[in-house]
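Analysis of the macromolecular model
The chain contents come next:
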Amino acid sequence: ECRNRSKIMFIDKTFDFSSLNAVVLTGGFKTKEHADGIEEVAKIIGQQGPKVYNVGPVFYYKQSVSHVFNRFVTHEFEYIKNQILPSLVLDIQFEIDNYFQNITSASYEYFSVIGILCPENMPKSCAHTIPGTEKPLYPDKGHLTVDASSWVAKELKKNGLNFE
């Protein structure tokens, strides 16, 4: 069980991970310093045997998507999707994703969710709906919908995240 208290990540060292094949670590990190804790946690878990995966953060909006749709209710969906939402994407998760992509860790394998959601790794390239549909990825500032989570999981599997 991983816990976050006062921006310090620690792990309950009494938890036995040895019976597990793999452990997936993920988090909505708000700073690179906070993300630094992953290495130590992954090392502790990995020493007990399971493979450790670090699944990177999703991007966040400055405002809730439902709030944006309510505020711009008189505008066309395409305008909101193509003009308003891209301007509300925060930069910090891109910095954290870049940080994880550029470090070499012996303790875990990194998978980028930003790379799936934003193919050019820039806020302006982010998808705001599930590709091929008009279903929004987010109902709020930074939580994927159930359908979006399923789509991202399938994409992660295509990228090699597989427990079988």
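Remember, predicted model here, so these are calculated numbers, not experimental data. For every chain, the first residue of the written sequence is number 1, and numbering continues from 1 onward in sequence order. Confidence filtering applies because this is a predicted model: local features only for residues at pLDDT of at least 70, side-chain atom pairs given and counted only at 80 or more, and all residues used for totals across whole chains, interfaces and linings. Water and hydrogen atoms were dropped before computing side-chain values, which therefore reflect all heavy atoms in the structure.

1. Overview of the pattern of salt bridges
A side-chain nitrogen of Lys or Arg and a carboxyl oxygen of Asp or Glu constitute a salt bridge if their distance falls within 4 Å. For the coordinates displayed, the defined rule picks out three salt bridges. Across the salt bridge formed by E155 and K158, the nearest N and O atoms sit 3.1 Å from each other. Of this pair, E155 and K158 both sit in helix 7 (residues 146-158), three residues apart, roughly one helical turn. For the purposes of this entry, the term helix denotes a DSSP run of H or I that reaches at least four residues, the term strand denotes a run of E that reaches at least two, and both are numbered from the N terminus.

2. Looking at the nonpolar core
Put simply, a nonpolar core is a bunch of buried Ala, Val, Leu, Ile, Met, Phe, Trp, Tyr and Cys residues held in one set by side-chain atoms that sit within 4.5 Å of each other. Burial here depends on accessible area, computed with a 1.4 Å probe over protein chains only, as a share of the maximum for the residue type. Under 20% is buried, over 50% is exposed, and the range in between is partly exposed. In this structure, F59, Y61, L117, L137, Y138 and L156 are the most contacted members of the largest nonpolar core, which totals 30 residues. At the level of elements, strand 4 (51-55), helix 3 (65-71), helix 4 (77-87), helix 6 (114-117) and helix 7 are the ones that each hand at least two residues to this core. Broken down by element, this core gets its largest block of residues, four residues, from helix 7. Only heavy atoms matter for contacts: two residues are in contact if any of them lie within 4.5 Å across the pair. Ignoring any residue separated from it by four or fewer positions in sequence, one finds Y61 in contact with L85, L88, V89, L90, H128, Y138, D140 and K141. Formed by 14 residues, the second largest nonpolar core is a distinct cluster that contains V23, F29, I38 and V41.

3. What about the sheet that holds strand 3 (residues 22-26)?
When DSSP finds two or more bridges between a pair of strands, those strands are recorded as paired. Strand order in the open sheet formed by three strands is 3-4-5, with parallel pairing between adjacent strands. In this open sheet, the two edge strands, each paired with only one partner strand, are strand 3 and strand 5 (109-111). Between one strand and the next, the sheet's axes are offset by a mean angle of 25°, whatever the strand orientation. Bridge count between strand 4 and strand 5: three bridges; the pairing is parallel. Bridging from a neighbouring strand, Y53 pairs with E109 of strand 5. Fitting a line to C-alpha atoms yields each axis, with helices limited to the stretch in contact; the angle taken between N-to-C directions then spans 0 to 180 degrees.

4. Section: the environment of K157
Here K157 is to be found in helix 7. Residue class for K157 comes out partly exposed when judged on its relative accessible area of 44%. Along the chain, K157 and F111 lie 46 residues apart, while their C-alpha atoms are 9.9 Å from each other.

5. Description of the packing of aromatic side chains
Pairing of aromatic rings covers Phe, Tyr and the six-membered ring of Trp, with a centre-to-centre limit of 6.5 Å; geometry is then stacked below 30 degrees between planes, edge-to-face above 60, and tilted otherwise. Scanning all chains against the criterion turns up seven aromatic pairs. Seen in terms of ring centroids, Y99 and F100 are 5.5 Å apart; in terms of plane orientation they differ by 55°. Their pairing is tilted. Through a chain of ring-to-ring contacts, the aromatic side chains of Y99, F100, Y108 and Y110 assemble into a single cluster.

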